[in-house]
Structures are given as C-alpha cells and as structure tokens.
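Chain by chain, the residues run as shown.
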Amino acid sequence: MTYPDLGENTLGVIFGKRRGLPGDVPTVRTLRQAKEMGSSLGTGFLGVGAGVIAALQMVYGLTLLVWNWDAYPDTLPVALAWLLLLLCLGGVAISIATRGESMPNWLFAIVLATVFGVIALDFVAIWPLENIAGYGTASLCASAGLLISVTLRRSWEVLLAAAGVAIVLAWGILVNGPVTTTTLPSQLGFLTLAVFPTVAGIYIIRRFRRLVQTELDRVLVQSTVSAPRFAVGMLASEELARLDLAAEELLDSVATGRLSLPLDSRMASRAASLATELRLHLIEGRRETWLYHAVTESETLGRSVTLSDRSSLAGLLGRRQRDGLLSAVWLLVSDRATRPATVEITIGPASAANRPRTDGTISVPIVITTTGIPRNRVDPSTWEAIGKVGRYTDSTYDSSLRVEINCLVDNPADH
C-alpha cells in the first residue's frame with residue numbers, strides 16, 4: 001500500500017489524507033520507543049539472562065586456566081588478560097547499575113578495545129604452545145563483553161564486533177598451528193564456543209523486539225473495534241487536539257483584548273486556515289470507517305492490506321463481527337514476515353440480492369482475496385475468526401485463497 005505525501009498547515013500540523021505515519025504521532029512514537037536500545041519491554045530481564053550466560057562462560061574459561069596453568073611458558077600475559085576482562089565486565093555492570101540500561105558510544109568503544117586487547121594478551125601467552133584452540137582461555141571468553149551488550153546496543157554493531165572476534169581467532173588458529181583432521185574438531189568447537197553465544201543472543205533480542213512491536217501495534221489497532229460507524233482515527237485525534245488548542249488560544253486572545261477586531265491579515269489567514277482544516281476533519285469523519293483507520297494506521301496491516309469500501313459499509317458491522325474480521329486479516333499477514341503476502345478486502349457493493357430482510361437485517365458481502373497465502377497454510381484460528389463475521393465460502397486459485405463472506409448487519413434505515 002502506497003501513501004501520498006502529506007501537507008503541513010500554518011501551525012506545523014500534518015493534514016490531508018492520513019494514510020502515512022508521521023513520526024510525531026502517538027502510534028509511531030510508541031513503536032519507535034519500543035525499538036530503542038534498553039527501552040523495549042522485558043529487555044532488562046533478557047540482559048540478566050545474557051549476564052548469566054556470560055558468567056557461566058567465564059567460569060568455564062577460568063576452570064581451563066587453572067587446569068592448564070603449569071603449561072604456560074609465561075603466566076603474566078594471561079593473568080593480565082583475565083584481569084582486564086574482569087575489570088571490563090565489572091565496569092559495565094557498575095555503569096548499568098548507576099546509569100541505567102544504556103551503553104553510550106564511548107563505553108562500547110572501551111568494551112571493544114578491551115575484547116581485542118584480551119585476545120592479544122592471551123595470544124602472547126599461548127603462542128609458543130602452538131595450540132590456541134587447546135590452551136586459549138581469556139580469548140575464548142572475550143566475547144562475553146559483547147554478550148552483555150546485545151540488549152544495550154544495535155544488533156548490527158554487536159554482530160560486526162562478533163564477526164571481528166571470529167576473524168581474529170580464526171587467523172590465530174590458522175597461523176599458529178596446523179589445521180588437520182585431528183585438530184579441526186577442537187578448533188571449530190573453540191570458535192563456536194567463543195562466538196555462538198553472542199550471535200544467539202542477537203537473534204533472540206531481534207525476535208523479542210519484533211514480537212513486542214507487533215503486539216503493541218495490534219493493541220493500538222484493536223481500539224478501533226469499539227469506534228463509532230464513522231470516526232476519526234488515532235492520528236486525527238492528536239491533530240484535532242492541536243487544532244482545538246490553537247482555536248482556543250485565538251478566541252481567548254480576542255476575548256481578553258490582546259487581539260483587536262477586525263483581525264489583521266495575518267491572523268485572519270490563520271483563523272481561516274483553522275476553520276478549513278476543522279471542516280476537512282468533519283467531512284472525513286463522515287466517510288472514514290473503523291476499518292479504514294485500522295488498516296492505514298497499522299505498520300503491520302498498512303504494508304500488506306488493501307481496502308475497498310466505497311460505500312463505507314464496514315461501519316455497519318457489529319463489535320463481534322469487527323473483531324473477527326480484524327483478527328482474521330491480522331492472522332493472515334502477521335505470520336508471513338519472511339514471505340511476501342498481500343490481502344485485499346472488498347466490502348460491497350450492495351446489489352439486488354442484498355435487499356433488506358424481514359428480520360431487520362441486511363446482507364453485506366465481504367470478499368477477502370490473498371496472494372502468497374495458500375489455503376493449507378491458514379491457521380485454524382483464522383477460520384474461527386472469519387466465522388464470527390458471517391457464513392463464508394472459500395476457494396483457491398493460483399495457490400492463493402479467496403474467501404466470500406455473507407455478513408448480516410442491522411438495517412441502518414431502522415435506526
């Protein structure tokens with residue numbers, strides 16, 4: 001779904017068709033805050049889990065250090081490596097406890113410098129042994145500094161740093177000792193243990209943040225189910241509040257005498273602009289239904305759903321029918337993040353076959369057409385949600401699904 005450019009009024013407020021999502025609106029502000037490092041719901045608990053995994057990795061490395069202590073030609077470099085690593089992790093823990101869940105650029109730079117410094121010192125200690133995979137301890141645990149950063153920094157930053165660690169360790173293994181069929185399993189295990197926890201942490205954090213954003217979007221959109229037949233959406237509500245404040249300030253200035261009548265040309269132009277925009281909102285509020293706002297104001301639905309409802313018949317649906325239709329469309333598109341899928345909703349038009357019934361209801365035809373969603377991939381809960389809307393029939397064409405729903409609603413002529 002494409003969105004036209006939006007204009008800006010004399011007060012700096014976006015107006016016109018609200019098919020886009022300006023950055024300074026409640027919906028987008030909330031979603032943007034959910035994406036910021038350290039502010040996503042529950043990432044603090046994930047950070048604690050990452051810290052526990054890092055601690056276990058450190059215990060394993062220290063156990064190897066004690067086990068191989070007598071094999072080191074010089075224990076000073078490896079002791080300094082471990083001391084540096086422990087000081088780094090302790091400093092990060094103190095920073096989080098005092099500054100909150102954040103890691104500024106300078107602190108992340110220190111963590112990166114410490115990680116590669118620890119690897120260098122550990123290499124100096126074990127290089128004469130010509131078996132980095134067998135005797136590496138501090139270098140094995142150096143990425144623990146990156147693991148505790150996965151909830152505090154952007155995923156791509158931590159991923160690049162983990163790739164750098166993997167490259168340095170692989171270089172050391174290739175240059176320091178022979179790679180044979182005998183040594184290859186232990187060398188691959190060394191690289192995996194050094195880098196995999198960080199990569200797995202990045203994956204978990206990304207999936208968690210996507211889940212939070214999707215659920216937050218669903219909660220915001222679900223509020224449209226209880227809206228009147230014709231109403232303004234979440235974006236227009238904030239715009240109306242701004243227009244109302246501007247109008248009140250203008251009227252108060254006239255009432256208190258700060259502005260004299262007749263108004264000068266500049267203030268008269270401002271008042272005319274306010275009146276025009278308020279009229280536009282009143283007009284749009286009489287033809288935009290709850291479903292229009294649900295689709296256009298949702299990041300998830302707005303990318304994949306096209307709505308055709310020229311007669312605004314969606315406003316006639318009852319709350320149970322609205323919830324079923326919105327849930328069905330949401331289930332169709334939300335589980336297709338890795339595969340392109342589109343949903344087209346066509347409501348009406350009314351025809352001779354949809355004359356008023358004797359029970360005070362009329363039939364509203366709803367057609368849901370999908371692309372990229374085969375029938376055998378539709379979740380059973382989707383059919384249950386469609387059943388709340390009305391009786392339906394489904395068919396398949398070119399590996400896509402088409403659902404025709406006969407929705408019975410109260411006849412608006414009787415109210």
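Residues numbered from 1 in each chain as written. Predicted model: local features only at pLDDT ≥ 70, side-chain atom pairs only at ≥ 80, totals over all residues. Heavy atoms only, no water.

Q: Can you break down the pattern of salt bridges residue by residue, with the values?
A: Inspection of every chain in the model, using the stated rule, returns 5 salt bridges. Between Arg153 and Glu157 there is a salt bridge; the shortest N-O distance is 3.0 Å. For Arg153, a relative accessible area of 7% translates into the label buried. Each of Arg153, Arg154 and Glu157 takes part in salt bridges that share partners, so that together they form one network. (Salt bridge = Lys/Arg side-chain N within 4 Å of Asp/Glu carboxyl O. Buried < 20%, exposed > 50% of the residue type's maximum accessible area, 1.4 Å probe, protein only.)

Q: Go over helix H15 (residues 380–389) with me, naming the residues and quoting the values.
A: Taken together, the buried positions of H15 are occupied by Thr382, Trp383, Ala385, Ile386 and Val389. When H15 is viewed along its axis, its buried side chains cluster within an angular range of 160 degrees and face the same direction. Those residues of H15 that are exposed and aimed more than 90 degrees away from the buried face are Pro380 and Glu384. Looking at the packing, one finds that the buried side of H15 touches helix H14 (319–334), strand S5 (361–371), strand S6 (391–397) and strand S7 (400–410). (Helix = DSSP H or I, 4+ residues; strand = E, 2+ residues; numbered from the N terminus. Arc of directions from axis to C-beta. Contact = heavy atoms within 4.5 Å.)

Q: Help me get a handle on the environment of Tyr203, residues and values and all.
A: Along the chain, the position of Tyr203 falls in helix H9 (residues 184–222). A residue is classified by how much of its surface remains accessible, and Tyr203, at 55% relative accessible area, is exposed. Taking the C-alpha atoms as reference, Tyr203 lies 8.5 Å from Ser155; in sequence the two are 48 residues apart.

Q: Pulling in residues and values, what's your account of the environment of Gly318?
A: Mapped onto the elements of the fold, Gly318 is located in the loop between strand S3 (305–308) and H14. For the pair formed by Gly318 and Val389, sequence separation is 71 residues and the distance between their alpha carbons is 8.8 Å.

Q: Before we move on, could you go through a positive patch on the surface and cite the residues and values that matter?
A: Taken together, the side chains of Arg206, Arg207, Arg210 and Arg303 define a basic patch exposed on the protein surface. In terms of residue count, the dominant contributor to the positive patch is H9 (3 residues). Considering the arrangement of structural elements, one finds Arg206 in helix H9. (Patch = residues over 30% accessible without salt bridge, like charges linked within 9 Å, V, L, I, M, F, W, Y side chains within 5 Å. Areas by Shrake-Rupley, 256 points an atom, 1.4 Å probe, with all protein chains shown as cover. Lys, Arg positive; Asp, Glu negative; His and termini not counted. Charge placed at Lys NZ, Arg CZ, Asp CG, Glu CD.)

Q: Any details on the environment of Ile110? Residues and values, ideally.
A: Here Ile110 shows up in helix H4 (residues 105–126). Given a relative accessible area of 44%, Ile110 falls into the partly exposed group. Placed 18 residues apart in sequence, Ile110 and Val92 show a C-alpha to C-alpha distance of 9.8 Å.

Q: Lay out the packing of helix H3 (residues 75–99) against H4 in plain terms, naming residues and giving numbers.
A: In the contact formed by H3 and H4, the axes pass within 7 Å of each other and the chain directions differ by 165 degrees. Between H3 and H4, the interaxial angle falls into the category roughly antiparallel. Regarding H3 and H4, the two cross each other, and that crossing is left-handed. Within the contact between the two elements, H3 uses Pro77, Val78, Leu80, Ala81, Leu84, Leu85, Cys88, Val92, Ser95 and Arg99 and H4 uses Trp106, Leu107, Val111, Thr114, Gly117, Val118, Leu121, Asp122, Val124 and Ala125. Of the residues assigned to the contact of H3 with H4, the class counts are 15 nonpolar, 3 polar and 2 charged. (Axes fitted to C-alpha atoms, helices over the stretch in contact; angles between N-to-C directions. Parallel < 35°, antiparallel > 145°, perpendicular 65-115°, else oblique. Left-handed = near helix turned anticlockwise from the far one by under 90°. Nonpolar A, V, L, I, M, F, W, Y, C, P; charged D, E, K, R; others polar.)

Q: Can you tell me about the sheet that holds S6, naming the residues and giving the values?
A: Across a sheet, paired strands are connected by hydrogen bonds in the backbone, their directions being either parallel or antiparallel. With mixed pairing, 5 strands are arranged side by side in an open sheet as S3-S4-S5-S7-S6. The open sheet is flanked by S3 and S6, the only strands paired with a single partner. Within the sheet, the average angular offset between the axes of one strand and its neighbour, ignoring direction, is 15 degrees. Note: strand S4 (residues 342–347) against S5, 6 bridges, orientation antiparallel. The residue of S5 that forms the bridge with Ile345 is Ile368. (Pairing = 2+ DSSP bridges.)

Q: Describe in detail the pairing of S7, supporting the description with residues and values.
A: Sheet topology note: the S5/S7 ladder contains 9 bridges and is antiparallel. Bridge pairing in S7 places Val367 opposite Glu404. Of the pairings in the sheet, the one linking S6 to S7 comprises 7 bridges and is antiparallel in character. Each residue of the ladder has a partner; that of Ser395, found in S7, is Arg402. The turn linking S6 back onto S7 is made up of 2 residues, and Asp398 within it adopts a positive phi angle of 55 degrees.

Q: Tell me about the packing of aromatic side chains, and name the residues and values.
A: Applying the stated criterion across every chain, the model contains 3 aromatic pairs. A ring pair is formed by Trp383 and Tyr392, whose centres lie 5.7 Å apart and whose planes are at 15 degrees; its orientation type is stacked. Among the aromatic residues, those joined into a ring-pair cluster are Phe123, Trp127 and Trp171. (Phe/Tyr/Trp six-rings, centres within 6.5 Å; stacked < 30°, edge-to-face > 60°.)

Q: Tell me what's going on with a nonpolar patch on the surface, and back it up with residues and numbers.
A: Judged by side-chain polarity, Trp127, Trp171, Leu174, Val175, Val179, Leu184 and Leu188 come together as a nonpolar surface patch covering roughly 660 Å² of accessible area. Residue assignment for the nonpolar patch shows that the elements contributing at least two residues are helix H8 (155–176) and H9. The biggest single contributor to the nonpolar patch is H8, with 3 residues. Mapped onto the elements of the fold, Leu188 is located in helix H9. Judged by relative accessible area, which is 46%, Leu188 ranks as partly exposed.

Q: Would you mind going over the UniProt feature "transmembrane region" (unreviewed entry) in the chain in detail, with residue names and values included?
A: Taking the numbering used here, the UniProt-annotated feature "transmembrane region" (unreviewed entry) corresponds to residues 41–67, 79–98, 105–126, 132–151, 158–175 and 187–205. In residues 79–98, the share of helix is 100% and the share of strand is 0%. The end C-alpha atoms are 28 Å apart. The span residues 105–126 carries 100% helix and 0% strand; its end-to-end C-alpha distance comes to 32 Å. (UniProt positions renumbered as here; feature names shortened; annotations may be inferred.)

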